[in-house]
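Structural overview for review
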Amino acid sequence: MSLEKDRISTAQLIILGLFTLIGDMALVYPSIMTTGAHEDAWIAGLISIPLGLATVKIMISAANINPNKTIIELSTQILGRWAGGAVAVSYLFFFLMAASTYVREIEDFMCTQIYEGTPGGVIRFMAIVLLVYGIRLGLENLGRSAQIFLPFFAVFLICLIVLLFPDVEMERIHPVLHTPLPDMLHTILFGIFYPFGELCVFFMIYPFAQKHSKTSRDIFITLFIASISLNLILFLSLTILGVYFSEHVFYAAYVLAQRVNIGNFLQRIEALMATTWIISTYFKTALYFYAFVLGTAQLLKLKTYKPLIFPVGFLIYGMSNLLAKDIIFYIKEVTPSWLDWDITYALVFPSLLLIVYHIRKRFGHNARQ
């Protein structure tokens, strides 16, 4: 019997995917990409789009082994009790750490850019309260809320991009293709697995979506549009702020929004950027929170995941504080290592599941029950 009774539509699934892909990347993507490829970061970003979509294809293929089961159930079913259990626990650990990380990102951003001087614990507590409230209402309500917020998110993001184009200076991205090949390849990996790799959380959401024959097509179209939006922000950062500021300012997109000035009348619209980022990051964090509590309940064979929500909220509150002593440590130590996790959970484990499943199928073992 399934622990989750709620169901979301394909449209809601896709909107949640869009929010997850953009998520915290809306602010930090320019800095991450420019650090490695400098003036060529926009090229690395464009190359990463088809490769990222290919990674998503692998994840969807793994999920479709049994589209009614989460990654926790699939792992133990295909890999066996012990190996599958280890993979399942590993996914749960990642979901917990990711949710804690995004809460910490919200705290650091709000305390350094908007509410300076406000204790970080206050912002963190407010974020946890909203997350707990959202998860308590259930997956279906999260999906409906995402539909409500999508128009605001789209309008804010489009306004930001359109209003910044008059300030573009193409000479800022010269010289072209000047980055050494190893640095370019490393940056492309960041472009693939930072945005696209974190969609692995949908292993826990996909079984509860009402799918149709064109679901996969709609997913890829939406993710393509979202990735183009991210790379437009990167391009604008490079051509307006320049390489140095894009690389050394962690919230480059927020600083970018502060540059908007139309006739000395329409200016200081960085609140729109902040709102866009908070909306997308909230839904991304909520999905990881949900994935952890649901997956834990499935692994422990509980009847419902609801009793876990409040304890996990307190756990995330503490973990987000322990994650890094300050934002400098976070940028220097946590961010580079995150790539390895994204590769593991978005590519390595799904590929392993596919390989073992097809081997067992070929030799007559029923791995789909």
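Quick notes on the rules
- Residues numbered from 1 in each chain as written.
- Predicted model: local features only at pLDDT ≥ 70, side-chain atom pairs only at ≥ 80, totals over all residues.
- Heavy atoms only, no water.
- Helix = DSSP H or I, 4+ residues; strand = E, 2+ residues; numbered from the N terminus.
- Contact = heavy atoms within 4.5 Å.
- Buried < 20%, exposed > 50% of the residue type's maximum accessible area, 1.4 Å probe, protein only.
- Axes fitted to C-alpha atoms, helices over the stretch in contact; angles between N-to-C directions.
- Parallel < 35°, antiparallel > 145°, perpendicular 65-115°, else oblique.
- Left-handed = near helix turned anticlockwise from the far one by under 90°.
- Nonpolar A, V, L, I, M, F, W, Y, C, P; charged D, E, K, R; others polar.

- In the annotation of an unreviewed UniProt entry, the entry for the protein chain reads Spore gernimation protein, and the organism field reads Paenibacillus helianthi.

1. Observations concerning the side chain of serine 237
- In this fold, serine 237 is placed in helix H9 (residues 215-241).
- When near neighbours in sequence (up to four residues on either side) are disregarded, serine 237 contacts Pro30, Gly242, Ser246, Ala252 and Leu256.

2. Regarding the environment of phenylalanine 153
- Inspection of the secondary structure puts phenylalanine 153 in helix H7 (residues 139-164).
- A relative accessible area of 2% places phenylalanine 153 in the buried class.
- Between the C-alpha atoms of phenylalanine 153 and phenylalanine 165, which are 12 residues apart in sequence, the distance is 19 Å.
- Filtering out sequence-adjacent residues up to four positions away, phenylalanine 153 remains in contact with Leu18, Phe19, Ile22, Thr276, Ile279 and Ser280.

3. With respect to the packing of H7 against helix H12 (residues 270-299)
- One can describe the packing of H7 onto H12 by two numbers: an axis separation of 9 Å at closest approach and a directional angle of 155°. Compared by their axis directions, H7 and H12 come out roughly antiparallel. In this structure, the crossing between H7 and H12 has a hand that is left-handed. Listed contacts from H12 to Leu139, Leu142, Ser145, Ala146, Phe149, Phe153, Phe156, Leu157 and Leu160 of H7 are Leu272, Met273, Thr275, Thr276, Ile279, Ser280, Tyr282, Phe283, Ala286 and Tyr290.
- Residue composition of the contact of H7 with H12, by class: 15 nonpolar, 4 polar and no charged.

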